[in-house]
Amino acid sequence: MTTQAAGLPAVDPALSWSEAELPERERTKHVHRLHPYLGKFVPQLAEAFLRRYARPGQLVWDPFAGSGTTLVEANALGLRAAGCDLSAFNCLLAEVKTAPYEPHALVADVAWLSAPGAQPPPAIASPYLSRWFAPAALAELQAFRARIAGTAYPGLWRVVLSRAARSARLARHDDLDFPREPVRGEYFCHKHRRVCRPVGEANKFLRRYVRDAACRVREFGESRSDAAVTVLEGDSREVDPPGPVDLVFTSPPYPGLIDYHEQHAYAFELLGLERRDPDEIGRGVRGYCEDVAAVLRRARRALRRDGRVVVVVNDSRGLYDGILAAAGLRLEERILREVNRRTGRRAGAYYEEILVARP
Ligand SMILES: C[S@@+](CC[C@H](N)C(=O)[O-])C[C@H]1O[C@@H](n2cnc3c(N)ncnc32)[C@H](O)[C@@H]1O
């Protein structure tokens, strides 16, 4: 990697894809768009480093697995993959994205979920659900949830239920990531540049996302290998990979950027999942370096001697030289890539670093 006079790495053009080189449909190909997730890296970045540092049959470990991008890409390359995440919803996402699906059972599930069914008696809604959903939308979501019990792939349909719930919330269309207050009347929408109304139903989303999810898992089925995928739900300060690791590829949370539980609050509520907010790393700066170092130290202990630890991070606070040293890792290469931002109202250049380290 070329190094500039100031000692900073130059931007690596091969990893700084433009919109034309890497359009959204490629960044969100097959299972990577099963459910929105703020803070994931593009699959093509994972693929580039998995190809560079791992060979088929070897084990890749991602201690901050998130929505499972590393696991999906590793599996497609024939690598064994294991990941850990604190969030029960993220683990569900990663499992569903990497699972095998039998085409006939999938078709039967879609038919069952699309058939008109008897309306179940209204379930008791939590204060959160009553606040964030119109009564009709909530009834439709709860009816769908009841039908999931009769399917072959309940995990997949639980993710679809969550995706539909996200779209059917009483949230402004231009503030879907972290809506603060429900909207109950008309409002000027900055996304659609017109007056919009809050959503009153969920069935149209459920129908659309059932079909979309079935197509997406079938499409990934064409590149999916039989290599094992393990998803471990837990605190990665305390969880070990399931064997000697050849490559660690991960992107840790960063202080004050994204609340990984809150972004899926509706899913935790509807699916009855347990939240572990206080154990989330990156909720504050205090303790952050020690926590990430503890995770990487544990990963280093499981690493084979010639293995690498590759960390993707926008280290705006300059914390990672210290973190890697505290984890007993030596920085081998520091790569900078420009991230092409197309979504949301965020604008301007944004850079991501890829830190390649060894024991
Ligand atoms: C930057 S995201 C990873 C995104 C992932 N690379 C992807 O493409 O989906 C960081 C993840 O770390 C998880 N996390 C935060 N604290 C954790 C902890 N103590 N143990 C395990 N995972 C944790 C968050 O839930 C979040 O999913």
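1. Observations concerning the site of the ligand
For the ligand, the set of nearby residues contains 25 residues, the closest of which are Tyr37, Ser67, Thr69, Asp85 and Ser236. At a separation of 2.7 Å, an oxygen atom of the ligand approaches a polar side-chain atom of serine 67. Between an oxygen atom of the ligand and a side-chain N or O atom of threonine 69, the distance comes to 2.6 Å. Coverage of the ligand by the protein chains reaches 99% of its 600 Å² of free accessible surface. Residues that form the shell around the ligand fall into these classes: 10 nonpolar, nine polar and six charged.

2. Topic: the domain arrangement of the protein
For the protein, the domain assignment lists domain 1 (13–88 + 228–269 + 281–358) and domain 2 (103–221). Here the C-alpha centre of domain 2 lies 29 Å away from the C-alpha centre of domain 1. The interface is formed by 21 residues belonging to domain 1 together with 21 residues belonging to domain 2. When the two sides are added together, the surface that domain 1 and domain 2 hide from each other amounts to roughly 1800 Å², 69% of it contributed by carbon and sulfur. Looking at the side of domain 1 facing domain 2, the largest losses of area belong to His30, Leu34 and Tyr266, adding up to 36% of the total buried there. There are zero salt bridges connecting domain 1 and domain 2. At the surface where domain 1 touches domain 2, the tally comes to four residue pairs in polar contact (both at pLDDT 80 or more). Counting only elements with at least two residues in the side of domain 1 that touches domain 2, the list comes to α3 (69–76) and α10 (265–271). A total of four residues in the side of domain 1 that touches domain 2 trace back to one element, the largest contributor, which is α10.

3. Looking at the sheet that holds strand β7 (residues 303–313)
Strand order in the open sheet formed by seven strands is β5-β2-β1-β6-β7-β9-β8, and the pairing between neighbours is mixed. The sheet terminates laterally at β5 (229–233) and β8 (330–339), the two strands that pair on one side only. With strand direction ignored, the average angle separating the axes of adjacent strands in the sheet is 15 degrees. Of the pairings in the sheet, the one linking β8 to strand β9 (residues 350–358) comprises nine bridges and is antiparallel in character. Looking across to β9, one finds that glutamate 333 is bridged to valine 356. Its contacts with the sheet place helix α2 (residues 43–53) against β1 (59–62), β6 (245–250), β7, β8 and β9, and it is angled at close to 160 degrees to β6.

4. Digging into the side chain of glutamine 263
Inspection of the secondary structure assignment puts glutamine 263 in the loop between β6 and α10. Take glutamine 263: its relative accessible area is 6%, and that puts it in the buried class. Engagement of the side chain of glutamine 263 in a polar contact is seen with the backbone nitrogen of leucine 38, the distance being 2.8 Å. Within polar-contact distance, the side chain of glutamine 263 engages the side chain of histidine 264 at 3.5 Å. Residues within four places of glutamine 263 in sequence aside, it is in contact with Tyr37, Leu38, Asp177, Phe178 and Ile258.

5. Side note on the pattern of salt bridges
One pass over the full model with this rule turns up 23 salt bridges. Residue aspartate 212 is joined to arginine 163 by a salt bridge in which the shortest nitrogen-to-oxygen separation is 2.8 Å. Of this pair, aspartate 212 sits in helix α9 (residues 203–221) while arginine 163 sits in helix α8 (residues 154–168), placing them 49 residues apart in sequence. Close ionic contact of arginine 334 with glutamate 353 constitutes a salt bridge, the shortest N to O distance being 2.7 Å. Taken together, the residues span a long stretch of sequence, with arginine 334 in strand β8 and glutamate 353 in strand β9 at a distance of 19 residues. For glutamate 353, a relative accessible area of 11% translates into the label buried. In this structure, a network of salt bridges that share partners links the residues Glu262, Arg275, Asp277 and Arg283.

Scoring rules and cut-offs
Residues numbered from 1 in each chain as written. Predicted model: local features only at pLDDT ≥ 70, side-chain atom pairs only at ≥ 80, totals over all residues. Heavy atoms only, no water. Near = heavy atom within 4 Å. Polar contact = N/O pair within 3.5 Å; in protein donor to acceptor, adjacent residues only side chain to side chain. Areas by Shrake-Rupley, 256 points an atom, 1.4 Å probe, with all protein chains shown as cover. Nonpolar A, V, L, I, M, F, W, Y, C, P; charged D, E, K, R; others polar. Domains from an automatic or database assignment. Contact = heavy atoms within 4.5 Å. Buried area = accessible area lost by both parts, 1.4 Å probe. Salt bridge = Lys/Arg side-chain N within 4 Å of Asp/Glu carboxyl O. Helix = DSSP H or I, 4+ residues; strand = E, 2+ residues; numbered from the N terminus. Pairing = 2+ DSSP bridges. Axes fitted to C-alpha atoms, helices over the stretch in contact; angles between N-to-C directions. Buried < 20%, exposed > 50% of the residue type's maximum accessible area, 1.4 Å probe, protein only.

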